[in-house]
Amino acid sequence: MPLQNDFVKNVKLYFQEQGEEWLNELPNLIRYCEEKWSMEVGEPYELSINYVAPAIMDDGTEVVIKLCIPGEGFHHELEALKLFNGQGMVRLIDSDAEKGVLILEILTPGHTLATLEDHEDTARIAARAIRKLITPAPAKTILPTTKAREENLRKQIRNHPNGIGPIPRDILDRSLDIFTFLNETTEQRYLLHGDFHHYNVLSSGDGEWTVIDPKGLVGEIEYDLIQFMLNRQTQQNAYEVIGQRVEIFTNELNLNKKRLLLWGYAHAVLSTAWSVDAKDGSYSEDFYRGIDIFQSLYQHHFKKSDMFI
Ligand SMILES: Nc1ncnc2c1ncn2[C@@H]1O[C@H](COP(=O)(O)OP(=O)(O)O)[C@@H](O)[C@H]1O
Ligand SMILES: [Mg+2]
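Residues numbered from 1 in each chain as written. Chains lettered and ligands numbered in written order. Predicted model: local features only at pLDDT ≥ 70, side-chain atom pairs only at ≥ 80, totals over all residues. Heavy atoms only, no water.

(A) Layout of the overall build of the chain. Helix and strand counts for the chain stand at 10 helices and nine strands. Whereas a compact globule of 309 residues would reach a radius of gyration of roughly 19 Å, the chain reaches 20 Å, a difference of no more than 12%. When the backbone C-alpha atoms are referred to their principal axes, the chain occupies close to 65 × 45 × 40 Å. Burial statistics for the chain: of 309 residues in total, 48% are counted as buried. Across the chain, contacts joining residues at least 24 apart in sequence account for 68% of those joining residues at least 6 apart. Split by element, the accessible area of the chain, about 15,700 Å² in all, is 46% carbon and sulfur. Taking the 31 positively charged and 47 negatively charged side chains of the chain as two groups, their mean positions are separated by 7 Å. (Helix = DSSP H or I, 4+ residues; strand = E, 2+ residues; numbered from the N terminus. Rg over C-alpha atoms; globule rule 2.2 N^0.38 Å. Buried < 20%, exposed > 50% of the residue type's maximum accessible area, 1.4 Å probe, protein only. Contact = heavy atoms within 4.5 Å. Areas by Shrake-Rupley, 256 points an atom, 1.4 Å probe, with all protein chains shown as cover. Lys, Arg positive; Asp, Glu negative; His and termini not counted. Charge placed at Lys NZ, Arg CZ, Asp CG, Glu CD.)

(B) Region of the structure containing the pattern of salt bridges. Under the defined criterion, the tally for this structure stands at 15 salt bridges. Residue Arg-124 is joined to Glu-120 by a salt bridge in which the shortest nitrogen-to-oxygen separation is 3.4 Å. Of the two residues, Arg-124 and Glu-120 both sit in helix α3 (residues 119-133), four residues apart, roughly one turn of that helix. Accessibility expressed as a relative area gives 29% for Arg-124, which makes it partly exposed. Assessed through its relative accessible area of 31%, Glu-120 is described here as partly exposed. Residue Asp-195 is joined to Lys-215 by a salt bridge in which the shortest nitrogen-to-oxygen separation is 3.8 Å. You can see Asp-195 sitting in the loop between β6 (190-192) and β7 (201-203) and its partner Lys-215 sitting in the loop between β8 (209-211) and β9 (217-219), a full 20 residues away along the chain. When its relative accessible area of 45% is taken as the criterion, Lys-215 is described as partly exposed. (Salt bridge = Lys/Arg side-chain N within 4 Å of Asp/Glu carboxyl O.)

(C) Structural view of the layout of surface pockets. Volume-wise, the second largest pocket comes out at about 230 Å³. Every residue lining the second largest pocket is listed: Ile-134, Glu-187, Gln-188, Tyr-190, Glu-220, Ile-221, Glu-222, Leu-253, Asn-254, Leu-255, Asn-256 and Arg-259. (1 Å grid on protein atoms, 1.4 Å probe; cavity = no way out; pocket = protein on both sides within 12 Å on 5 of 7 lines; lining within 4 Å. Points joined across faces, edges and corners; volume = space filled by probe spheres on them.)

(D) Geometry of the pairing of strand β2 (residues 51-57). With five of seven residues buried, β2 is to be regarded as a mostly interior element. Pairing geometry for strand β1 (residues 39-41) and β2, over three bridges, is antiparallel. When the bridges of β2 are listed, Met-39 appears paired with Met-57. (Pairing = 2+ DSSP bridges.)

(E) Inspection of the site of ligand 1 at higher detail. Near ligand 1 lie 16 residues; those nearest to it are Asn-50, Lys-66, Glu-105, Leu-107 and Asp-213. Here an oxygen atom of ligand 1 sits 3.3 Å away from a polar atom, N or O, in the side chain of Asn-200. Separating an oxygen atom of ligand 1 from a side-chain N or O atom of Asp-213 is a distance of 2.9 Å. Notes on ligand 1: free accessible area 550 Å², of which the protein chains cover 87%. The residue inventory of the shell around ligand 1, partitioned by class, reads 10 nonpolar, three polar and three charged. A domain split of the shell around ligand 1 shows at least three residues from each of domain 1 (5-105) and domain 2 (113-301). (Near = heavy atom within 4 Å. Polar contact = N/O pair within 3.5 Å; in protein donor to acceptor, adjacent residues only side chain to side chain. Nonpolar A, V, L, I, M, F, W, Y, C, P; charged D, E, K, R; others polar. Domains from an automatic or database assignment.)

(F) Molecular detail of the pairing of strand β5 (residues 101-105). Judged by how many residues are buried, β5 sits mostly within the fold: four of five residues are covered. In terms of strand pairing, strand β4 (residues 92-96) meets β5 through four bridges, oriented antiparallel. Bridge assignment links Leu-92 to a residue of β5, and that residue is Leu-104. Joining the antiparallel neighbours β4 and β5 is a turn of four residues, in which Gly-100 adopts a positive phi near 75°.

(G) Molecular detail of the coordination of the magnesium ion (ligand 2). Surrounding the magnesium ion (ligand 2) are the protein donor atoms Asn-200 (OD1) and Asp-213 (OD), at 2.1 to 2.4 Å. Of the two residues, Asn-200 is situated in the loop between β6 and β7 and Asp-213 in the loop between β8 and β9; the sequence distance between them amounts to 13 residues. Residue classification places Asn-200 among the buried residues on the basis of a relative accessible area of 4%. (Donors = N, O, S within 2.8 Å, 3.2 Å for Na, K, Ca; no water.)

(H) Quick look at the domain arrangement of the chain. Assigned domains of the chain: these are domain 1 (5-105) and domain 2 (113-301). Using C-alpha coordinates to define each centre, domain 1 is positioned 26 Å away from domain 2. Across the boundary between the two partners, domain 1 contributes 14 residues, which contact 20 residues of domain 2. Carbon and sulfur atoms supply 66% of the area that domain 1 and domain 2 bury against each other, a total of about 1,400 Å² over both sides. Ranking the residues of domain 1 by area buried against domain 2 places His-76, Phe-84 and Gly-88 at the top, with a combined share of 37%. (Buried area = accessible area lost by both parts, 1.4 Å probe.)

Below, the structure written as structure tokens:
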């Protein structure tokens, strides 16, 4: 079975031996699903780290099948899909938790928000897509809170006390302080997507857009928007585009701009750190640029605050 090169590379990079075994078993797993659900699995979509393909049931119903290595990430996605329960989120039709299989409603035409040109229109659509997702945090869940992101950064700093990639120690420490401050002062917690960006929002007909691929997280809505804000900007337009997004999201969703900009700074640092390639030292310049931009936007709007002194 020929597989997309980047997909194979990603699976081996993240899951190593377990990934290799899973890739070898993939044809059997697909056959298992075809039998279990009486379906025929089609050609996969463009893949990154999970095997996602359209499928047709015997009765002609079209669905999407997503095959994942059944570790923590998979269990969190399954939990998040159940908790969102199809509200602004792709609907979960069935699952096999042991084998790492999700059967999802198919979204058509299914192109991503990254196919749109206009930054402002795109941000408005994204804000509407997030609005449909807004749900208070469940009383009991296996999902982590944004405290886990703070702990992740703390651990990275411990392992790299002299800086991570292009980020010097003082910026790492400031970002960690901001994470701590925000987590300690969070008043209302929501069920969050955890990886909301252009490629996880699909057109679902009649001008509607539906969100896919939740990581599952608990925290403030403001935090969930940052990954979207960091994506799809360039050196030439970054300050303007991120600034516009901040205005659109805060207005459309009635958010706290001060906290949003602080989450922006803290998460820009974290996502830059995540992007550093240990082998060649390369990193996401877009995310790195985001650090300065969130700081400048904060200082522009809240001159008197000492958060960045
Ligand atoms: N429910 C769906 N309907 C139509 N296409 C989908 C659906 N779910 C996923 N896809 C397609 O598969 C791609 C990868 O799916 P995604 O869940 O984002 O996987 P990953 O977790 O690997 O990022 C998406 O970008 C999209 O093109
Ligand atoms: Mg995705």
